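# Observations on chain architecture
One letter stands for each residue in the lines below.
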Amino acid sequence: MRVMIADERKETRNRLAAAVGQMRAVSLGACVSNLSETYHIAESRPPQAVIVAEALARLAEFEVLLMLFKALGIRCVVVSETAAGMARLPPSLIREGVAVTHSDASVEDLRQCLLRVHLGRTSQNASRKQSDSEMTFQHGRLVLLGASTGGVDALVKVLEAFPPNCPPTLIVQHTSESFSSGLARLLDRNTAATVEEAQDQEPLVPGRVLLAPGKTHHLEVGVTGALRCRLREGPLQAGHRPSVDALFMSAVPVASRVCAAILTGMGRDGAEGMLALHRAGAHTIGQDEKTSLVYGMPRAAYELGGVRDRLPLDSIGRAVLENCSRRSAA
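These notes cover the structure that comes with them. Values in this document were obtained by computation on a predicted structure and should not be read as measured data.

Parameters and conventions
Residues numbered from 1 in each chain as written. Predicted model: local features only at pLDDT ≥ 70, side-chain atom pairs only at ≥ 80, totals over all residues. Heavy atoms only, no water. Helix = DSSP H or I, 4+ residues; strand = E, 2+ residues; numbered from the N terminus. Buried < 20%, exposed > 50% of the residue type's maximum accessible area, 1.4 Å probe, protein only. Contact = heavy atoms within 4.5 Å. Axes fitted to C-alpha atoms, helices over the stretch in contact; angles between N-to-C directions. Parallel < 35°, antiparallel > 145°, perpendicular 65-115°, else oblique. Left-handed = near helix turned anticlockwise from the far one by under 90°. Nonpolar A, V, L, I, M, F, W, Y, C, P; charged D, E, K, R; others polar. Core = buried A, V, L, I, M, F, W, Y, C linked by side-chain atoms within 4.5 Å. Salt bridge = Lys/Arg side-chain N within 4 Å of Asp/Glu carboxyl O.

## A look at the environment of Ser148
By the secondary structure assignment, Ser148 is in the loop between strand S7 (142-147) and helix H7 (151-159). The exposure class of Ser148 is buried, given its relative accessible area of 8%. When sequence neighbours within four positions are dropped, the list of residues in contact with Ser148 reads Glu63, Gln173, His174, Thr264, Gly265, Met266 and Met297.

In structure tokens form, the structure reads like this:
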């Protein structure tokens, strides 16, 4: 079993590396200091398991990393500072493929923890999922998706339903600048459509899903002439850049062609924009409370009056496609 270590502190990395070096049937792979390095090395040279420091596991971007691990069948062990610190970790971390131990554990205890998660691994299918049936879509339809906390997993589930000819789709997911390209690749693995980071003035065409890049621009819909995406510099909007509100508001002039969904997330980014879209004739969907990791953004949009349909996560992808579809002439 090859193991990677991710800890921002050199001293702790060296201590963990020394511990791994003493383990039977375990070899040491890369030692890195941040989640971005962990993501890119795990993606290009997947280890069997990764040891991650508690401080890194607390970062919001760890959600993206866990989804990559799930796609590639990589197991994860989070090392807490102390035994007491284990109890303070977010419950969401204790999921399939993730184990938690503490820095006071012996070499043998850490080895046993690694072996337990390794032996419990299941094969993962990281190939693209094909749509269940052929669908055709109305010309000019546009899909907009907004998400934050818990949104990576939610977006994977929504996009799993998308066929290669899906309507043009724009996504704003709150994440750090260094993770947007990795997130695009992760989403691309899990859908039959093509997912990439958006480029300024890129045409919106069927089969393309464009993700807002980084944190320096808002992603918007350019409505002059043929539809294009637009990357606009500007201040934070609803506390974020890129902002779901900015994306939704930009599409109000073409609202009759839009199906917009707001997914799990903290705060209220997207609520005002969804209300504006709804009033202008768009079809609007909000994730329900039961399936939301954080029922903040969908709740705000619903309570404001901008959500037409509240749906469980597993139903949203199909609902979006059906709203944009038409029966084949054949």
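Back to the text.
## Details of the packing of H7 against helix H12 (residues 313-324)
Look at H7 against H12: their axes get within 8 Å of each other, and the N-to-C directions meet at 45°. With respect to their mutual orientation, H7 and H12 come out oblique. Considering only the axes of H7 and H12, their crossing is right-handed. Residues Ala154, Lys157 and Val158 of H7 touch H12, and the partners they reach there are Leu313, Asp314, Ile316 and Gly317. By residue class, the composition of the contact of H7 with H12 is 4 nonpolar, 1 polar and 2 charged.

## A short note on the nonpolar core
Formed by 58 residues in total, the largest nonpolar core has its most connected members in Phe62 and Leu186. It is helix H4 (residues 62-72) that contributes the most residues to this core, 8 residues altogether. Of all hydrophobic cores here, the second largest spans 30 residues; its members include Leu204, Ala260, Ile262 and Met274.

## Remarks on the pattern of salt bridges
In the structure shown here, the tally under the stated rule is 13 salt bridges. Between Asp153 and Lys157 there is a salt bridge, with its nearest N and O atoms 2.9 Å apart. Separated by 4 residues within a single helix, Asp153 and Lys157 lie in helix H7, roughly one turn from each other. Relative accessible area serves as the criterion here: at 23%, Asp153 is assigned to the partly exposed category. A relative accessible area of 29% means that Lys157 is categorised as partly exposed. Across the salt bridge formed by Arg208 and Glu196, the nearest N and O atoms sit 2.6 Å from each other.

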